[in-house]
Amino acid sequence: MAIVLNDTQDMLRDSALTFLRENAPISALRAMRDSGDPVGFSRELWQRFADLGLAGVLVPEAYGGSGLGVVEAGVIMEAIGRTLAPSPFLSTAVIGASLLTHYGSDAQRDALLPAIASGRHLTALALDEAGKHRPFRLATRATPHAGGYRIDGTKQLVVDGHVADTLIVAARTGDARAGQATNAANAVNAAGADDTQGITLLLVPRATPGVRIERVVLADATQATRIVFEGVQVPADAVLGAVDGGGALLERALDIGRAVLSSELLGIADEAFARTLAYLKERRQFGKIIGEFQALQHRAAHLFTELELTRAIVLRCQQRLDESAPDGPEPLVSAAKARAGETATLAVQEGVQMHGGIGMTDEFEIGFFMKRARTAQEWLGDANFHADRWARLRGY
Amino acid sequence: MEDLETFRQQTHAWLQDNCPPEMRQPVQDDEDICWGGRKFRFRSEAQRQWLERMAERGWTVPEWPREYGGGGLSREQAKILREEMQRLGCRVPLQSFGISMLGPALLKYGSEAQKREHLPKIARGEIRWCQGYSEPNAGSDLAALQTRAEDRGGHFVVNGQKIWTSYANRADWIFCLVRTDFSAQKHTGISFLLFDMETPGVTTRPIVLISGKSPFCETFFDDVVVPRDQLVGELNGGWEIAKYLLTHERDMISAIGSRGFRQPLGRHAAKAIGTDAAGRLDEPMLRAQLARFEIDEAAFGFAGERVRDLAKQGEGIAAFSSVLKYYGAELNKRRYELLMSIGGSDALEWESERSHQGATARAWLRTKANSIEGGTSEVQLNIVAKRILGLPGA
């Protein structure tokens, strides 16, 4: 398959970008931040996303979605990255929709997928329990109780947790490898294949008693949550997929999420670079356009090179996910997420630096890109996590 | 125009019948390559036969016109030929700068007489060419070259020196950039000459590199007489031809970056060094470097593939070869730094049988030239900045 968007995908990207530039300019993000808005994104915008078929991009047509693939989700996310539009797209339209579509029971799919596609239902994945992403190092337990499960534990960086209708919670129902401590401070124990055992995913309505949510504003003005589950009781049919079988589901859904998030990072990097390049061509100092200085030319050319490499591997990894049936961890996803994180980091760093003093002001917009890149880098595993995962999956 | 599927079948059949089994083994070293030329000694009857048979069909230069010794194949047919050769493991029968660089330039700029004189001999591997471009004082700034060619009417008299002439001591003819107008601005006084390396006044001296012996030479011209009809294109119009040729050279070199080591580097390291109880390479810092390298290597491969895909759709990015050359060269240097690190003190051996006469160490040193030859990394970045990004400046 050519590593090029086809005409439909191209058009989707262009229309998503046009729509977002018009309806979610950076000034809107700034206004939301400054007003202390408790939701953190525009519900009207999300409804219009749904009307355009974007909220249901990964939901099968039978459930009212657009029935498209990871590449399409990626081009939408790229537009989100370019405009920094806050939205529940990744949590709901990508991760939630993927988990339910691939692994939901008929009842779960009927109940939730059409509502997701129509913009009426939001989901949030409650996974990480410490500062660094460790998807299979879980202390949160789901203990069989009263015909269902009792959930106890804490989660952090639950993006959109404060507005989600359904929390998708990863908890331990079985033991991992015998003798292995579930103590999160056990730093020697890296997440190996065996750690995927004994994990169950559960669908928990946010309003369930015992769910205590602390809304947290992040550096990039988006909002995540810390959630404490204290004796949260859910019925048996809250289980998504098989009991103790959540590890494999999670692996695949996370890979889709990471692949799409890579597009957001690429969009952030592209926009930061475009603005910086424009500045190099107009700013005058020392009697010259600063873009004439060779040092800046070389750094811009180097950054362009990194962007092109990242662009190619992100698209290829998304195509790979669309080509194959869900079947285990995909190393290309880790390669793409690692590169996307590092390329975005470079692009925003050069973005601020090359703008000089003005780049450091809040009034100027380039700083928003730097802050968002940091969050997107960290979410679902940073470059270090994914370089390690690549090596592990490649046998060393 | 015959059906492509039929062509594929016929090609496959012909290759099966005519490619000697010995020519289906992978090339082991430089000595295995068939360069052709008057001084070339075939390694075996099979090598000679293979060249002869392919040359007879014009398949040493499949896409060149038939009247110049080429195969007259279309792009699709040439692709099919390459694929079928790959499928059967057939070696390329002839490699030369005549094929990759001079030939395309003559096809575009040469006179009819020049094409008929030189192209068939390139196609048959009878004449081997070398490239006279760089000089001690004209490397990155090639247009500053000073080798002088005085116009005496029916001939030129050439005096000067070239450096980095690959295989000059084995070549039969040279294509050479000379200055024919010293009063003009530097780019506009350059001409493109062809002449025989046996002409009186031509001498060569091999250059030893930090990696040991190399194909590079210094080449000296002492009152060398060159007939006028060996001027290609216009007098003082040689710079355009030189630039055209340089893009082909750049494409050739950027292929280096994607030429992978036989086994993925990480697994090679795991075998060579060993792993811990969790199956991880027993050198954690090196492991991190290897992962980063492999990821970049994969991305580089996809970037090249993507731009070829774009070009097929008519959306290629101009000057992208500079992006690939820049990154590919730096990637290759990283590859060999990692290989040396993996090998440790074993890789430091320089002369032993065990180390194949210091193969890894020599290769590591040789790669340092990748970011210098064919246009330095710095020059490539200049090109990307100006031609792709549109940044200002000459």
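About the cut-offs
- Residues numbered from 1 in each chain as written.
- Chains lettered and ligands numbered in written order.
- Predicted model: local features only at pLDDT ≥ 70, side-chain atom pairs only at ≥ 80, totals over all residues.
- Helix = DSSP H or I, 4+ residues; strand = E, 2+ residues; numbered from the N terminus.
- Rg over C-alpha atoms; globule rule 2.2 N^0.38 Å.
- Contact = placed C-beta atoms within 7 Å.
- Buried ≥ 20, exposed ≤ 12 C-beta atoms within 10 Å, placed from the backbone.
- Axes fitted to C-alpha atoms, helices over the stretch in contact; angles between N-to-C directions.
- Left-handed = near helix turned anticlockwise from the far one by under 90°.
- Nonpolar A, V, L, I, M, F, W, Y, C, P; charged D, E, K, R; others polar.
- Expected span 1.5 Å × (residues − 1).
- Arc of directions from axis to C-beta.
- Parallel < 35°, antiparallel > 145°, perpendicular 65-115°, else oblique.
- Domains from an automatic or database assignment.
- Pairing = 2+ DSSP bridges.
- Core = buried A, V, L, I, M, F, W, Y, C linked by C-beta atoms within 7 Å.

Trainee: Any chance you could explain the overall build of chain B here in plain terms?
Mentor: Secondary structure summary: chain B contains 11 helices and eight strands in total. Here the C-alpha radius of gyration of chain B, 23 Å, is about what a compact globule of 394 residues would show, namely 21 Å. Dimensions of chain B along its principal axes, counting C-alpha atoms only, are 80 × 50 × 50 Å. A separation of at least 24 residues holds for 69% of the contacts in chain B among residues at least 6 apart in sequence.

Trainee: Where do I start with the overall build of chain A in this structure?
Mentor: For chain A, the count of helices and strands is 11 helices and 10 strands. For a compact globule of 396 residues, the expected C-alpha radius of gyration is about 21 Å, and chain A comes in at 21 Å, within 12% of that figure. With respect to the three principal axes, the spread of C-alpha positions in chain A is 75 × 45 × 45 Å. Burial analysis of chain A (396 residues in total) assigns 53% to the buried set. Sequence separation of 24 or more characterises 77% of the internal contacts of chain A that already satisfy a separation of 6 or more.

Trainee: Is there a simple way to think about the packing of helix 5 (residues 89–103) of chain A against helix 7 (residues 246–282) of chain A in this case?
Mentor: Each pair of packed helices can be described by the angle between their axes along with the distance between the axes. All names here are of chain A. Two elements in contact, helix 5 and helix 7, have axes whose closest approach is 10 Å; the angle formed by their N-to-C orientations is 145 degrees. Between helix 5 and helix 7 lies a crossing whose hand is right-handed. Along the contact surface, helix 5 presents Leu90, Val94, Ile95, Ser98, Leu99, His102 and Tyr103, while helix 7 presents Leu249, Arg252, Ala253, Ile256, Gly257, Val260 and Leu261. Classifying every residue of the contact of helix 5 with helix 7 gives 10 nonpolar, three polar and one charged.

Trainee: Help me understand the interface of chain B and chain A, please; the structure alone is not making it clear to me.
Mentor: Accessible area lost upon the coming together of the parts is a frequently used measure of interface size. With 38 residues of chain B at the interface, the matching set in chain A holds 34 residues. Broken down by secondary-structure element, the contributors of at least two residues to the side of chain B that touches chain A are helix 7 (265–273), helix 8 (284–312), helix 9 (320–343) and helix 11 (377–388) of chain B. Looking at the side of chain B that touches chain A residue by residue, the classes come out as 25 nonpolar, five polar and eight charged.

Trainee: Looking at this structure, I do not really get helix 5 (residues 112–123) of chain B. What am I missing?
Mentor: Each full turn of the α-helix corresponds to 3.6 residues, which orients residues three or four apart in the same direction. Residue and element names in this part refer to chain B. For helix 5, built from 12 residues, the straight-helix expectation of 16 Å at 1.5 Å per residue is met to within 8% by its first-to-last C-alpha distance of 16 Å. When helix 5 is considered as a whole, its buried residues turn out to be His118, Leu119, Ile122 and Ala123. For helix 5, the buried positions fall inside an angular range of 130 degrees around the axis, keeping them on one side. Here the buried face of helix 5 lies against helix 2 (45–57) and helix 4 (97–109). Downstream of helix 5 by one or two residues, Gly125 has phi in the positive range, about 70 degrees.

Trainee: When you look at the packing of helix 7 of chain A against helix 10 (residues 366–378) of chain A in this model, what are you seeing that I'm missing?
Mentor: Residues and elements named next belong to chain A. It is at 10 Å that the axes of helix 7 and helix 10 come closest, and there the two elements cross at 160 degrees. Looking at the two axes, helix 7 sits roughly antiparallel to helix 10. Considering the relative orientation of helix 7 and helix 10, their crossing is left-handed. Across the interface between the two elements, Leu261, Glu264, Leu265, Ile268, Glu271, Ala272 and Arg275 from helix 7 touch Ile366, Phe369, Arg372, Ala373, Ala376 and Gln377 from helix 10. Of the residues assigned to the contact of helix 7 with helix 10, the class counts are eight nonpolar, one polar and four charged.

Trainee: Got a minute to help me understand the domain arrangement of chain A in this structure?
Mentor: All names here are of chain A. Here chain A is partitioned into domain 1 (7–122), domain 2 (124–243) and domain 3 (248–393). Measuring from the centre of the C-alpha atoms in domain 1 to the corresponding centre in domain 2 gives 24 Å. The partner domain 2 presents 18 residues to the 18 residues of domain 1 that form the contact. Looking at the side of domain 1 that touches domain 2, the elements that each hand over two or more residues are helix 2 (26–35), helix 5 and helix 6 (106–117). At five residues, the largest contribution of residues to the side of domain 1 that touches domain 2 is made by helix 5. For the side of domain 1 that touches domain 2, the residue count by class is 11 nonpolar, six polar and one charged.

Trainee: I'm lost on unusual backbone geometry in this one. Help?
Mentor: For residues other than glycine, phi is negative in most cases, and the peptide bonds are mostly trans. The backbone phi angle of Asp244(A) is positive, close to 70 degrees, even though this residue is not glycine. Despite not being glycine, Asn236(B) shows a phi value in the positive range, around 65 degrees.

Trainee: Sorry, what's going on with the pairing of strand 5 (residues 199–205) of chain A here?
Mentor: Within a regular strand, the side chains alternate between the two sheet faces. All names here are of chain A. The buried count for strand 5 comes to six of seven residues, which makes it a mostly enclosed element. Where strand 5 lies against strand 8 (residues 239–240), two bridges are found, and the strand directions are antiparallel. In the strand pairing of strand 8, Leu202 is matched with Val239.

Trainee: Would you mind going over the domain arrangement of chain B with me for this structure?
Mentor: Residues and elements named next belong to chain B. Once the domains are mapped, chain B shows domain 1 (4–95), domain 2 (129–237) and domain 3 (259–388). At the interface, five residues of domain 2 touch five residues of domain 3. Of the residues contributing to the side of domain 2 that touches domain 3, the split by class is two nonpolar, three polar and no charged.

Trainee: Could you clarify how one ought to interpret the nonpolar core in this entry?
Mentor: Looking at soluble globular proteins, one finds that nonpolar side chains tend to be buried together. One finds Ile76(A) and Leu202(A) to be the most contacted residues of the largest nonpolar core, which totals 153 residues. At 15 residues, helix 7 of chain A tops the list of elements feeding residues into this core. Among residues more than four places away in sequence, those in contact with Ile76(A) are Leu12(A), Ala16(A), Leu54(A), Val57(A) and Phe89(A). One finds Trp50(B), Trp59(B), Leu106(B) and Trp129(B) within the second-largest nonpolar core, a separate group that totals 60 residues.

Trainee: Just checking my understanding: could you explain the environment of Val169(A) for this structure?
Mentor: Residue and element names in this part refer to chain A. On the secondary structure map, Val169 appears in strand 4 (residues 166–172). Of the residues examined, Val169 has 30 C-beta atoms within 10 Å and is grouped as buried. Sequence separation between Val169 and Ala126 is 43 residues; the distance between their C-alpha atoms is 4.8 Å. Contact partners of Val169, with chain neighbours within four places excluded, come to Ala126, Ile151, Leu202 and Val204.

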